[in-house]
Amino acid sequence: MFSKNKIKFIKSLQIKKFRIENKKFLVEGAKSILELISSDYIISELYISEWFYKEHFLLISGRKIQAEIIKENDLISISTFSTNNAGVAVVEMKENKSITVEKDEYAIVLDDIKDPGNLGTIIRIADWYGISKIICSETTADFYNPKVIAASMGSFTRLEKYYCNLEIFLSDVKLPIYGADLLGKDVHHFPFSTGGYLIMGNESVGLSEGLEKFITEKISIPSYGSAESLNVAIATAIICDNLKRKIN
């Protein structure tokens, strides 16, 4: 049985303040933990059910990870999930390091994306389309929020991320910068360069005014119906799909 202090510590990592203080975050559920084990993240603690250990013994032992087998009721007590019969990992955060984007690759820039679910889905979309770098404004949701990690379905393990002042970062950028905007050029006919940056703005208000001067060209997704707007994650997927079609 877990001690109260151990449960308190693990549950505290659901809160950003304590994640930053301890430089640790949580990964939960079978899919995400399997991706985690195969990644270069450092696992501090791993609590798993007996069935999960038996089913994935070779992978776990091959990585020489010390796993503690606990009852499923105890897993649920330390998890943010209402049901969790696989495991919970306490993982060390990676350093917030600047990202260099090469001339033949793309990075997604996220400007004040507030919703953790949207961020996690965008991470998954980026991974699907082979985009491995994300630059986030300081007001974008925390990459290590449990909802972000869950929504990414393990894709967080394959992406580099960097949180920064976007105006300072973009001032040194040499590659084209494309901004998603309702008044931009039709994405279906837009001639993307072979590399660059795609900026996606806030779910409600779009791109920040301070970023306008850095944008090479604005692009939009034309509407054929009556919906007022698209979810930012869906919009990211549509633009990434068009981008990849044009440059591949």
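Residues numbered from 1 in each chain as written. Predicted model: local features only at pLDDT ≥ 70, side-chain atom pairs only at ≥ 80, totals over all residues. Heavy atoms only, no water.

Moving on, we get to the sheet that holds strand β6 (residues 133-137). The strand order across the open sheet formed by six strands is β7-β6-β5-β9-β8-β10, and the pairing between neighbours is parallel. Edge strands, defined here as strands with exactly one partner in the open sheet, are β7 (160-164) and β10 (217-220). Averaged over all adjacent pairs, the angle separating strand axes in this sheet is 35°, with direction ignored. Of the strand pairs in this sheet, strand β8 (residues 177-186) and β10 are connected by five bridges, and their pairing is parallel. The residue of β10 that forms the bridge with Asp186 is Ser220. Of the strands in this sheet, β5 (106-110), β6 and β7 touch helix α7 (residues 116-128), which is tilted by about 175° from β5. Taken strand by strand, helix α10 (residues 232-247) contacts β5, β8, β9 (196-200) and β10, and its axis lies near 160° from that of β9. (Pairing = 2+ DSSP bridges. Helix = DSSP H or I, 4+ residues; strand = E, 2+ residues; numbered from the N terminus. Axes fitted to C-alpha atoms, helices over the stretch in contact; angles between N-to-C directions. Contact = heavy atoms within 4.5 Å.)

In this section: the nonpolar core. Judged by nonpolar contacts, the single largest core of 50 residues is most densely connected at Val27, Leu110, Phe156, Phe192 and Met200. Ile99, Tyr162, Leu175 and Ile215 belong to the second-largest nonpolar core, a separate cluster that totals 19 residues. (Core = buried A, V, L, I, M, F, W, Y, C linked by side-chain atoms within 4.5 Å. Buried < 20%, exposed > 50% of the residue type's maximum accessible area, 1.4 Å probe, protein only.)

In this section: the packing of aromatic side chains. Within this structure, the stated rule accounts for 13 aromatic pairs. Pairing Phe25 with Tyr144 gives two aromatic rings, centres 4.4 Å apart and planes at 35°, and the pair type is tilted. Residue Phe25 is found in strand β1 (residues 24-28), and its partner Tyr144 is found in the loop between β6 and α8 (146-152); the two are separated by 119 residues along the sequence. On the basis of relative accessibility, which here comes to 0%, the residue Phe25 falls in the buried class. Of the residues examined, Tyr144 reaches a relative accessible area of 3% and is grouped as buried. Taking 5.7 Å as the distance between ring centres and 80° as the angle between the ring planes, the aromatic pair formed by Trp51 and Phe52 counts as edge-to-face. Judged by its relative accessible area of 31%, Trp51 is partly exposed. Residue Phe52 is classed as buried on the basis of its relative accessible area, which comes to 0%. (Phe/Tyr/Trp six-rings, centres within 6.5 Å; stacked < 30°, edge-to-face > 60°.)

This brings us to α7. Its 13 residues give α7 an end-to-end C-alpha distance of 18 Å, which sits within 8% of 18 Å, the value for a rise of 1.5 Å per residue. Among all positions in α7, only Pro116, Asn118, Leu119, Gly120, Ile122, Ile123, Ile125 and Ala126 are buried. The elements touched by buried residues of α7 are β5, β6, α8, β7 and α10. The backbone nitrogen of Gly117 lies 3.0 Å from a side-chain oxygen of the residue at the head of α7, namely Asp115. (Expected span 1.5 Å × (residues − 1). Polar contact = N/O pair within 3.5 Å; in protein donor to acceptor, adjacent residues only side chain to side chain.)

Once that is clear, we can look at the pattern of salt bridges. Enumeration over the complete set of coordinates arrives at 13 salt bridges. Close ionic contact of Glu217 with Lys185 constitutes a salt bridge, the shortest N to O distance being 3.5 Å. Residue Glu217 is located in strand β10, and its partner Lys185 is located in strand β8; the two are separated by 32 residues in the primary sequence. Accessibility expressed as a relative area gives 27% for Glu217, which makes it partly exposed. The exposure class assigned to Lys185 is partly exposed, which follows from its relative accessible area of 45%. Among the ionic contacts, a cluster of salt bridges with common partners joins Lys31, Glu35, Asp127 and Arg158. (Salt bridge = Lys/Arg side-chain N within 4 Å of Asp/Glu carboxyl O.)

On a regular strand, each side chain points to the face opposite its neighbour's, so the side chains alternate between the two faces of the sheet. Summarising burial for β5: five of the five residues are buried, a large majority. Along β5, one buried face is formed by Tyr106, Ile108 and Leu110 and the opposite face, lined by Ala107 and Val109, is buried too. Two strands pair when backbone bridges link them, and β5 and β9 are joined in this way by five bridges, in the parallel orientation. Bridge pairing in β9 places Leu110 opposite Met200. The pairing of β5 with β6 spans three bridges and is classified as parallel. Residue Val109 lies in a different strand from β6, and its bridge partner there is Ile135.

Attention now moves to the sheet that holds strand β2 (residues 43-48). Ordered by their spatial adjacency, four strands build an open sheet running β1-β4-β2-β3, and the pairing between neighbours is mixed. Each of the sheet's edge strands pairs with one partner strand only, and the pair in question is β1 and β3 (67-69). The sheet shows a mean angle of 15° between the axes of neighbouring strands, taken without regard to direction. For β1 and strand β4 (residues 87-92), the ladder comprises five bridges, and the chain directions are antiparallel. Directly across from Phe25, in β4, lies its bridge partner Val91. Across the sheet, helix α1 (residues 4-12) touches β1, β2 and β4, and the angle it forms with β2 is around 110°.

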